[in-house]
Every structure is written in C-alpha cells, then in structure tokens.
Amino acid sequence: LWRERDLMDMLRYRLEVQELIVQAGRTSNLTLAVKEVEAALSNIRLAELERSMEAEETARSLGLAPDATLHEIAQAAPEPWGELLNEHRTALLELAGEISVLSKRNRDVLAACYQATQETLAILRADARTYDKHGAKDQPSGSHIIDTSL
C-alpha cells in the first residue's frame, strides 16, 4: 500500500507539472509531460494488480471473500493492522480525489486552449466563413472576440 500511495503521489505531482506547463504556454514540453503522466498511470496499474493479489490472499486468511474491499479487510484484521489499513485507505481516497480534480482541471484547460486555437486559426484564414440557417456561406463578420487569458 505504501508503494501505491507513493505512485499516486508521483502521479499527482506529474499532473501538477502538466498543469503548470499548460498555464505557462510551454507547449513544447507538453508531450513529455503527457508521457510522464502515462508512465505514472502504467506503474499504478501494475501496483494495483500486485495489491489485489496480496489482498485476495489476506482476505482468504481472514475468512473473507477473495474480492473483499480494503475496508472489509481492515474491519476484519486484528489491531494494529486494522487501523493501519484504514489509514492507508483514507490516504488513498484523498489522493484519488486530488488526482481526479487535477486531471479534470487539466482536461478543461486543454480543451479551452484547443477551442481558442481553432477559433484563432479560423480568424487568420482569409477565406474563413460560416454558414447561415439555409446552409449558404456567410461573409466573415470582421469582428472577433479572443480570450487572451489562455
């Protein structure tokens, strides 16, 4: 469980770095940041597989179903193990929540950047046109709103 917590903490860190890279507009480093996040996710998947195999064995030794949750194992484990397992469970849930918030925020910022890029490219094209309600091409309006905060 310590290993999984460390890996999740590393994922949180890498998501924070990714967020800073996007906010700084350093898109040349974004590919590397994405690869690092993917590597962290891969390491977590392996750790989860190892943990599930160990948890299955522990659950059986405690007389529980092999697919018992960490909470169920903690409840059945003798002290001090039950308390220790509950502490790990709480920490893992907190990390998962933080990772979820960070990844959503990164997705939202990247989606907004993509949208702004597409709109800017459309403005820069001389033949950029839209369509009216009848499907005919409209003339460009000449005025555009660009969000410079992105």
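The numbering scheme is per chain: residues are counted from 1 as the chain's sequence reads. Totals for whole chains, interfaces and linings use every residue, but because this is a predicted model, local features are given only for residues with pLDDT of at least 70 and side-chain atom pairs only at 80 or more, for both listing and counting. With hydrogens and water stripped out, all remaining heavy atoms of the structure feed into the side-chain values.

A.B. asks: An account of the packing of helix H1 (residues 2–24) against helix H4 (residues 81–124) is requested, with residue identities and associated values reported.
C.D. replies: Axis separation between H1 and H4 bottoms out at 9 Å; the angle between their running directions is 20 degrees. Between H1 and H4, the interaxial angle falls into the category roughly parallel. When the axes of H1 and H4 are compared, the crossing they make is left-handed. Following the grouping adopted for this structure description, the nonpolar residues are Ala, Val, Leu, Ile, Met, Phe, Trp, Tyr, Cys and Pro, the charged ones are Asp, Glu, Lys and Arg, and the polar ones are all others, Gly among them. For the contact of H1 with H4, the residue count by class is 14 nonpolar, four polar and nine charged. Helix axes are fitted only over the stretch in contact, all axes being lines through C-alpha atoms; the angle between N-to-C directions runs from 0 to 180 degrees. A run of H or I in DSSP counts as a helix once it spans at least four residues, and a run of E counts as a strand once it spans at least two, with each numbered from the N terminus. Roughly parallel refers to an angle under 35 degrees, roughly antiparallel to one over 145, roughly perpendicular to one between 65 and 115, and oblique to any angle outside these ranges. By convention, the crossing between two helices is left-handed when the near helix turns anticlockwise from the far helix through less than a right angle, and right-handed when the turn is clockwise.

A.B. asks: I'd like a rundown of the pattern of salt bridges, residues and numbers included.
C.D. replies: Each salt bridge in this description consists of a side-chain nitrogen of Lys or Arg and a carboxyl oxygen of Asp or Glu lying within 4 Å of one another. For the structure shown, the criterion picks out seven salt bridges. For the salt bridge of glutamate 4 with arginine 51, the shortest nitrogen-to-oxygen distance reads 2.6 Å. Pair noted here: glutamate 4 is in helix H1 and arginine 51 is in helix H2 (residues 30–61), with a separation of 47 residues, a long-range link. Where aspartate 108 meets lysine 104, a salt bridge forms, and the shortest distance between an N and an O atom there is 2.7 Å. With aspartate 108 and lysine 104 both in helix H4, this residue pair falls four residues apart, about one helical turn. The class of lysine 104 is partly exposed, set by a relative accessible area of 46%. With a 1.4 Å probe rolled over the protein chains alone, any residue whose accessible area is under 20% of its type maximum counts as buried; one over 50% counts as exposed, and the rest are partly exposed.

A.B. asks: Break down the side chain of asparagine 106 for me, citing the residues and quoting the values.
C.D. replies: Examined against the element boundaries, asparagine 106 turns out to sit in helix H4. Any pair of nitrogen or oxygen atoms within 3.5 Å is treated as a polar contact; in protein, a donor-acceptor pairing is required on top of that, and neighbouring residues in sequence qualify only through side-chain atoms on both sides. One polar contact links asparagine 106 to glutamine 18, side chain to side chain, over a distance of 2.9 Å.

A.B. asks: Give me unusual backbone geometry: which residues, what numbers.
C.D. replies: Residue proline 80 is bonded to the preceding glutamate 79 through a cis peptide linkage, with omega at 10 degrees. In this fold, proline 80 is placed in the loop between helix H3 (70–76) and H4.

A.B. asks: Describe H4, with residues and values.
C.D. replies: How far a helix is expected to stretch is found by multiplying one less than its residue total by 1.5 Å. Taking 1.5 Å of rise per residue, the 44 residues of H4 would be expected to cover 64 Å, and the 63 Å separating its terminal C-alpha atoms lies within 8% of that figure. All buried positions along H4 are accounted for by Gly82, Leu85, His88, Ala91, Leu92, Leu95, Ile99, Leu102, Ser103 and Asn106. Packing partners of the buried residues in H4 comprise H1 and H3. Whether two residues are in contact is decided by their heavy atoms: any pair within 4.5 Å suffices.

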